[in-house]
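Each chain is listed here by its residues.
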Amino acid sequence: MEEKNFQLSFLGNGMELFKIQIINFILNVVTLGLFYPWAKARKLQYIYSNTTFEEHPFAFTGTGKEMFKGFIKAILFFIAAYAIFLFLVYLQMPVWAILFLYLFLFLIIPLAIHGSYKYRMAKTVWKGIRFGYVGDRTELMKLFLKGVFFTIITLGFYGAWFSMNLRKYVVENIRMGDANFVYRGKGSDFFILNLKGYFLTIITLGVYIFWWQKELFEYYINNLELNREDKRVFFKSKATGGGFFSLLVGNLLIVIFTLGLGFPWTVVRTLRFGAENIMMYGGFEFDALQQSQIDYSNATGDDMADILDFGFVI
Amino acid sequence: MIETTVQYFNGKFATPYQVKMEVDDKSIQLYDASYNADNGVCILLTKCHYVVLKENAFIYLNEGSTEYVIVPTNNEHYQQIISGIKRSQKGWYDILMRQKWYTLFLIVVALIAVVYLFLDKVVPPIALKLISVKQEISLGNEFYSSFTANEEVDSSATFILQKFTDDLRLSDQYPIRVTVVKDTVVNAFALPGGHLVVYTGIIKQMENPEELVALLSHEASHVNKRHSLKSILTRLTSSFIVSLFTKDISGMSRGLIDNVNMLRVLSYSRELETEADNEGMKLMVRNKVNPVGMKFLMEDLQKLHKEIPQGISFLSTHPLTNERMKNADLFSKKYMQLNEPFNDELNSLWHELKQSR
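Residues numbered from 1 in each chain as written. Chains lettered and ligands numbered in written order. Predicted model: local features only at pLDDT ≥ 70, side-chain atom pairs only at ≥ 80, totals over all residues.

Peer 1: Help me get a handle on the overall build of chain A, residues and values and all.
Peer 2: Along the backbone of chain A there are 11 helices and 10 strands. Radius of gyration (C-alpha) of chain A: 21 Å, near the 20 Å computed for a compact globule of 314 residues. For chain A, the C-alpha atoms occupy an extent of roughly 70 × 50 × 50 Å along the three principal directions. Here chain A, with 314 residues, has 34% of them falling under the buried criterion. In chain A, 68% of the contacts between residues at least 6 apart in sequence involve partners at least 24 apart. (Helix = DSSP H or I, 4+ residues; strand = E, 2+ residues; numbered from the N terminus. Rg over C-alpha atoms; globule rule 2.2 N^0.38 Å. Buried ≥ 20, exposed ≤ 12 C-beta atoms within 10 Å, placed from the backbone. Contact = placed C-beta atoms within 7 Å.)

Peer 1: So what's going on with the overall build of chain B? Residues and values would help.
Peer 2: Along the backbone of chain B there are 14 helices and 10 strands. Here chain B holds 357 residues, and 32% of them are scored as buried.

Peer 1: Now, about the confidence of the model for chain B: what can you tell me, with residues and values included?
Peer 2: This prediction gives chain B a mean pLDDT of 81; 85% of its residues lie at or above 70. In the predicted complex, the global pTM is 0.75; the interface-specific ipTM is 0.87. (pLDDT = per-residue confidence, 0-100.)

Peer 1: Quick one: what's the story with the interface of chain B and chain A, residue by residue and with numbers?
Peer 2: How big an interface is tends to be reported as the loss of accessible area on association of its parts. Across the contact, 27 residues belong to chain B and 27 residues belong to chain A. Looking at the side of chain B that touches chain A, the elements with two or more residues in it are β5 (49-53), β6 (56-60), α2 (92-97) and α3 (101-130) of chain B. Classifying every residue of the side of chain B that touches chain A gives 18 nonpolar, 6 polar and 3 charged. (Nonpolar A, V, L, I, M, F, W, Y, C, P; charged D, E, K, R; others polar.)

Peer 1: Lay out unusual backbone geometry with the relevant residues and their values.
Peer 2: All names here are of chain A. At Leu 155, a residue that is not glycine, the phi angle is positive and equals roughly 55°. With respect to the secondary-structure elements, Leu 155 resides in the loop between α5 (137-153) and α6 (159-172). A count of 8 C-beta atoms within 10 Å places Leu 155 in the exposed class. A positive phi angle, near 50°, is found at Glu 229, a position not held by glycine. Its location among the elements puts Glu 229 in the loop between β8 (224-228) and β9 (231-237).

Peer 1: Describe the packing of helix α3 (residues 64-90) of chain A against helix α11 (residues 300-308) of chain A, listing the residues and the values that go with them.
Peer 2: Residue and element names in this part refer to chain A. At a closest axis distance of 7 Å, the pairing of α3 and α11 adopts a crossing angle of 60°. For the element pair α3 and α11, the recorded crossing hand is right-handed. On α11, the residues that touch Met 67, Gly 70, Phe 71, Lys 73, Ala 74 and Phe 78 of α3 are Thr 300, Asp 302, Asp 303, Met 304 and Ile 307. Residue composition of the contact of α3 with α11, by class: 6 nonpolar, 2 polar and 3 charged. (Axes fitted to C-alpha atoms, helices over the stretch in contact; angles between N-to-C directions. Left-handed = near helix turned anticlockwise from the far one by under 90°.)

Peer 1: Outline the pairing of strand β8 (residues 177-181) of chain B, listing residues and values.
Peer 2: Across a regular strand the side chains alternate sides, sitting on one face of the sheet and then on the other. Residues and elements named next belong to chain B. Of all 5 residues in β8, 4 are buried, a share of seventy percent or more. Alignment of β8 against strand β10 (residues 195-199), held across 5 bridges, turns out to be parallel. From the neighbouring strand, Arg 177 faces β10, where its bridge partner is His 195. (Pairing = 2+ DSSP bridges.)

Now the structure itself:
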């Protein structure tokens, strides 16, 4: 099988996204914020459908209704936890209350990651083929608690290993139809990379930060692989430190000079930068992908992740 | 009825199939290449949605977007097919999406204006009606305790001034309770529900007891006319609007506490000030005190203002205008004949107060 290059593109434009944000704003105000899940769906639909792979767009098939239900459940969950916390305080057990709060936070994060990936992947479709996330919730929780524990007792040094283990677990459980991802990043390499980035950034008075970003991006992308049977697609970053410099400084200037109104343009620039700088090649036939992941419509985890305010990052 | 050949993805494999497509007003029909009419799939246009990217329209045939056809923009029936789907989609969102950005921008501006007017002009009067005098008094007490926590209260002067106030009839509805705060600031203000705060700085500036009665009557009128409650509500709703638009939820809860502190520096509108002057002078007349005290008070403060323009907080929170001075003058002229001697007890309390510092 001959090797082939595959192309990812982002075709969206700032004005369209700006319009979506304005409309979302209007409808959010009119509905006193209840429109939020539908607004989120519209935005994601726009971003997905303007991202193409091999000239075919992705589709986000999640709906506002699903995310609204998830949002209500997530809120109830948080309220329940808060009630338990207050009850413990009321019982004059402040130590237990604090312990409960930390335990809750440490458990809710993996729960939210799991739910979020499960929902988002099931709602990601390309060429009619659904993605999927087949990770196990308990295992992710164990991995997470272990990571938090070792990170604390090593005063943060284990963080690099924790981060890579988490990424490996999540990425390797992502499916694209009947194809699966492989992630080969290691804690030790990641640690050295960050150590180097940290010191060089200090020495260069911050200038190196763009090259540090480039190396991080490269490390995430170059260690990624897509497998189906014995066929593989390799990923390679083309991003340069200069590229990151003009992206990040440009975004900052846009936000400053438009008083924040230009935010959609920064989103578009970032997505375009990401798509343009990810190169894929290999002997893989995407046409042969088969529908093999089930649909999953519970958005509770995704909404929890939203409430906790951590971005959706692979 | 339109008939054309398109690429079809069936949601089982990522492989395209050539199919024949028929489109009428309401639906899309797909047939395999052999055009076997029995094997047709029929999809209602209302179930379809599409994306146009570069030279192709991707028309999704189900909600899960797993089945779709590709219609190139150079297909002779492209316009008809797309406008058919467009016509069957009449959602709010789609209508808004078709507007120009400046139309949307105008809608946003209009919306902000409407929300602002609503929260600024409609909500406070309603809230004012809903809050009973009893609730207002207990709210005022809460504000008062949070306020006095950071101030040095002059308790002996407070005792004397409270006695002075008790000898006057300043309010029929609210218990008027005064507090003297040790501070050189030339200021006084009213909290909702009857607490008046007077700084030693302003007492020092006054030359006769009529001025003190004028000050207390003026502040008591702010209480009686619920001015401070009104301004708290207005500020509260405007900080709510800001939090709504900036999505700053914590700002909403912070609002109330901030507003208590705002009262100290809050300036009332001209109308409210004039109303408090007039009501205050009526109270003075009711208490058989010559309303000319109001004019004296204003003159004293203005004189001081000319000497140290930045020194008098009272003037920035109670903007003194020529109109107000003229108004006080006119009012008091009507009562020139009111020449009763100043109440003895009040007079001795006044001297006690002046000496207490």
